[in-house]
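# Observations on the model geometry
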Amino acid sequence: MASASGPVPILRRSVEKGLEFACVALLLGAVGVACLQVVMRYVFRNALPWPEEVASWVFTWAVMLGMALATGRGAHIAIDLLPRLLPGRARRALALVTQAAMIAASLVLMIHGLDYVERAIAASPALQMPMRYLFLAVPVGAALNLFFLVWPDTGRGFVQGLVTLALGVLIYWVVRHGAGLLYAPASGPWVLVGVGLVAIVLGVPVAFSLILATFTAFASANPILLVTLAQNMGASLNSFTLLAIPFFILAAAVMNVGGITPRLVELAMMLVGHLRGGLAQANVVTNTMLAGVSGSSTADASTVAKLLVPEMARRGYDRPFAAALTAAGSTLANLIPPSLGLIIYAALASVSVGAVFVATLVPGLIMAAALMLVVYVISRARGYGGDMPKASGRERLRAVVTAIPALILPLLIVGGVRFGVFTATEAGAVAMIYALFCGAFLYRRLTGPTLLVAVREATMDTVVIVVIIAAAAPFAWVLAYERVPQRIASGLAVLVEQPWLLMLALNVFLLIVGLFMEMIAALVILVPILVPLIVMAGFDPITFGLVIVMNLVIGALTPPLGVLIFTTARAGGADQVATFRAVLPFLAAMLAVLLLVAFVPALTLAPLRWLGP
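A brief structural summary. (Residues numbered from 1 in each chain as written. Predicted model: local features only at pLDDT ≥ 70, side-chain atom pairs only at ≥ 80, totals over all residues. Heavy atoms only, no water.)

## Topic: the overall build of the protein
Helix and strand content of the protein: 30 helices and 0 strands. The C-alpha atoms of the protein give 24 Å as radius of gyration, which agrees with the globular expectation for 613 residues (25 Å, within 12%). Along the three orthogonal principal directions, the C-alpha set of the protein runs to about 75 × 65 × 65 Å. Split into buried and exposed, the 613 residues of the protein put 57% on the buried side. Sequence-distant contacts in the protein: of pairs separated by 6 or more residues, those separated by 24 or more amount to 81%. (Helix = DSSP H or I, 4+ residues; strand = E, 2+ residues; numbered from the N terminus. Rg over C-alpha atoms; globule rule 2.2 N^0.38 Å. Buried < 20%, exposed > 50% of the residue type's maximum accessible area, 1.4 Å probe, protein only. Contact = heavy atoms within 4.5 Å.)

Structure follows, in structure tokens:
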């Protein structure tokens, strides 16, 4: 085991800090380039040809370098249900296997990524830069992955690192040279799904599970297909649309430290704090308003839980109820623009981000109203609330005026995207600059140190989300290569003829998927399969986007994954099992709204007609 102060951990920390600086600088550079394009287009009436390309390249390198940084910090998204159930020795053995699997996946990206870099001959359209420099980010990130997985730290010595490396090399070699003896290329789809699910259940981070599954599926086929792993990962990140994700995450982080969130909480208290269950009602209103400036359910869950759950407990609310309500309310961040889930869906389904944003306005508000109704019923039964004085008109007006800068942002985002003032990605960059202005000059809560902390956290949040999208690109490519969507569509042909039955079956299927799979991973795997089927049945893909996101965020409230419950229970100091029980009434209300949205498409399509171009 390495000493915490020796040269070995010092080198590791130095590499980690260097990577963090590079990732933060690259993402901020992408924000600057996107804002430059907006200024050039609308101020100087002379859009430049290269900003989108530069921003996408910078983003690709930031994500792949950040992948290694997340590996070094153990920050990758993984389902740790099985590891939590195992005793100490078995858990340590499984951790060794998990790290070996990550090493094998990193070897795949490094070896076959370098192979593709040598083969790449194309040039970028705007700057005419050789595309090999874009795809080089994949093997470089993989090599840095190996460094963090093998190099000693305070919990792992040289010997253990070498043993893990040897096991990872063995996994790579066995799959690469032995797959053809075990199964035929025609079995690729079954191998792909089977290996991916097993790896995820074992606790291998989702991104690495998808990479390993894709490699295993192609290992028995033509070796040239292996280069498509790196090609598809790099190509998926070379997307200006995906840049909306880090931009909105950065904007939300800056808003939280810039004093916007407390203003929204104060406004909610002034509006509904005097009602039965007033503090709980304020919780829902706060989540609704925060959803319009955040887009991240996990971020909202953590922020609101820290602010309101202790206060609710102090005023007599059951702590698990407060945590469960906060978790349910935080799902609104993915149901109200600028939802990250809806942005990802729009990119994967090739539909308008602006149209999806507008379509979700009414269903999102209905979901908020349903949660408030459940709060009212439970509060009357348990005697919650009713002890806060009603705010005067002057107090409410002062709270509204103070919160106006935050309330303007959702209108700016939705209106700007819908009416073509800027793209969803540019809207994220504008939101980031707007948040900086509000925090620094209006609320005067934003300082250099707090800004740095916010940007660092947002960078890591971005990386662990986007690297899953990148890893799922070759996974989805295999599905398309093997014509899996067409096979599923053929098998469900009878349901296509009965659209209501198909929609009902898909809702049940998606709810089950949401129990076990993180939303982003599920979207990137399922959207390419299900959207053609939905279109064939006559459903609008925009409506289905909201349906699939609603199903999957409901899964974030249920065991075994239950990430939002775990987040609010931990942040609010509530018992997790009791919080899962307390969320059941809210789940019932959310399922009712889900069925309403799925079978009454006018709720999503009517706003498009009202606010259409």
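Next comes the rest of the account.
## Topic: helix 29 (residues 584-599)
For helix 29, spanning 16 residues, the distance from its first C-alpha to its last is 23 Å, which sits close to the expected 22 Å at 1.5 Å a residue. For helix 29, every residue scored as buried is listed here: Phe586, Leu587, Ala589, Met590, Val593, Leu594, Val597 and Ala598. (Expected span 1.5 Å × (residues − 1).)

## A look at the side chain of Thr286
The residue Thr286 is located in helix 13 (residues 278-291) in this model. Excluding residues that lie within four positions of it along the chain, Thr286 makes contacts with Leu264, Val265, Ala268, Val304 and Leu308.

## Points about the packing of helix 2 (residues 51-73) against helix 10 (residues 227-237)
A pair of packed helices can be characterised by two numbers: the angle between their axes and the separation between those axes. Two elements in contact, helix 2 and helix 10, have axes separated by 8 Å at closest approach and are oriented at 125°. Classified by the angle their axes make, helix 2 and helix 10 are oblique. Of the residues in helix 10, those in contact with Ser56, Phe59, Thr60, Val63 and Met64 of helix 2 are Met233, Gly234 and Leu237. Of the residues in the contact of helix 2 with helix 10, the class split is 5 nonpolar, 3 polar and no charged. (Axes fitted to C-alpha atoms, helices over the stretch in contact; angles between N-to-C directions. Parallel < 35°, antiparallel > 145°, perpendicular 65-115°, else oblique. Nonpolar A, V, L, I, M, F, W, Y, C, P; charged D, E, K, R; others polar.)

## Thoughts on the packing of helix 18 (residues 361-382) against helix 30 (residues 602-610)
Contact geometry for helix 18 and helix 30: axes closest at 7 Å, N-to-C directions at 130°. On the basis of their axis angle, the class for helix 18 and helix 30 is oblique. Contacts between helix 18 and helix 30 pair Val362, Pro363 and Ile366 from the former with Leu603, Thr604, Pro607 and Trp610 from the latter. Of the residues that constitute the contact of helix 18 with helix 30, the class distribution is 6 nonpolar, 1 polar and no charged.

## Here we look at the nonpolar core
Counting residues in hydrophobic clusters, the biggest one holds 214 residues, and the most contacted among them are Ile245, Phe544, Ile548, Leu557 and Phe586. The element best represented in this core is helix 21 (residues 448-481), accounting for 17 residues. Ignoring sequence-local partners within four residues, the contact set of Phe586 consists of Phe321, Leu325, Ala328, Leu371, Val374, Val375 and Ile378. One finds Val117, Ala120, Leu134 and Val227 within the second-largest nonpolar core, a separate group that totals 8 residues. (Core = buried A, V, L, I, M, F, W, Y, C linked by side-chain atoms within 4.5 Å.)

## Here's the deal with unusual backbone geometry
Even without being a glycine, Gln128 presents a positive backbone phi close to 60°. Its place among the elements puts Gln128 in the loop between helix 4 (88-119) and helix 5 (132-135). Of note, the phi angle at Arg444 is positive, near 55°, even though the residue is not glycine. By the element assignment, Arg444 lies in the loop between helix 20 (424-442) and helix 21. The exposure class assigned to Arg444 is exposed, which follows from its relative accessible area of 69%.

## Side note on the side chain of Thr214
You can see Thr214 is positioned in helix 9 (residues 206-218). When residues no more than four places from it in sequence are discounted, the contact partners of Thr214 are Leu192, Leu229, Pro474, Phe475 and Val478.

## Some points on a nonpolar patch on the surface
Residues Trp500, Leu504, Val508, Ile512, Leu595, Leu596, Phe599 and Val600 make up a contiguous nonpolar surface patch of about 680 Å² in total accessible area. Looking at the nonpolar patch, the elements that each hand over two or more residues are helix 24 (499-516) and helix 29. Ranked by the residues each element gives to the nonpolar patch, the list is headed by helix 24, at 4 residues. Here Leu595 is to be found in helix 29. By relative accessible area, which is 41% here, Leu595 ends up partly exposed. (Patch = residues over 30% accessible without salt bridge, like charges linked within 9 Å, V, L, I, M, F, W, Y side chains within 5 Å. Areas by Shrake-Rupley, 256 points an atom, 1.4 Å probe, with all protein chains shown as cover. Salt bridge = Lys/Arg side-chain N within 4 Å of Asp/Glu carboxyl O.)

## Brief notes about the pattern of salt bridges
Summed over the entire model, instances satisfying the criterion amount to 6 salt bridges. With its nearest N and O atoms 3.0 Å apart, the salt bridge here joins Glu20 to Arg456. With Glu20 in helix 1 (residues 7-42) and Arg456 in helix 21, this pair connects stretches of sequence that are 436 residues apart. Using a relative accessible area of 36% as the deciding quantity, one classes Arg456 as partly exposed. In this structure, a network of salt bridges that share partners links the residues Glu16, Glu20, Arg73 and Arg456.

## As for helix 13
For helix 13, which comprises 14 residues, the first-to-last C-alpha distance of 20 Å matches the rise-based estimate of 20 Å (1.5 Å per residue) to within 8%. Judged by how many residues are buried, helix 13 sits mostly within the fold: 14 of 14 residues are covered.

## Quick word on the packing of aromatic side chains
The relative placement of two aromatic rings is captured by the distance of their centres and the angle of their planes. Inspection of every chain in the model, using the stated rule, returns 10 aromatic pairs. Centroid distance Phe147 to Phe148: 5.2 Å. Interplanar angle 75°. Geometry classified as edge-to-face. For the ring pair Trp151 and Phe158, a centre distance of 6.1 Å and an interplane angle of 75° mean the geometry is edge-to-face. Three or more aromatic residues link up through ring pairs in this structure, and these residues are Phe147, Phe148, Trp151 and Phe158. (Phe/Tyr/Trp six-rings, centres within 6.5 Å; stacked < 30°, edge-to-face > 60°.)

## Let's talk about the environment of Thr450
By the element assignment, Thr450 lies in helix 21. Separated by 290 residues in sequence, Thr450 and Gln160 have C-alpha atoms that sit 38 Å apart. Ignoring any residue separated from it by four or fewer positions in sequence, one finds Thr450 in contact with Val257 and Arg445.

## Topic: the environment of Val138
One can find Val138 in helix 6 (residues 137-150). Distance in space between the C-alpha atoms of Val138 and Met67 is 9.7 Å, their sequence separation being 71 residues. Sequence-distant contacts of Val138, that is, excluding residues within four places in its chain, are made with Met64, Leu109, Ala230, Met233 and Gly234.

## Digging into the environment of Pro363
By secondary structure assignment, the location of Pro363 is in helix 18. You can call Pro363 buried: its relative accessible area is 3%. Between the C-alpha atom of Pro363 and that of Ile336, which follows or precedes it by 27 residues, the distance is 8.4 Å. For Pro363, the contacting residues outside a window of four places in its chain are Leu546, Val593, Val597, Leu603 and Thr604.

None of this, on its own, says anything about what the molecule does.
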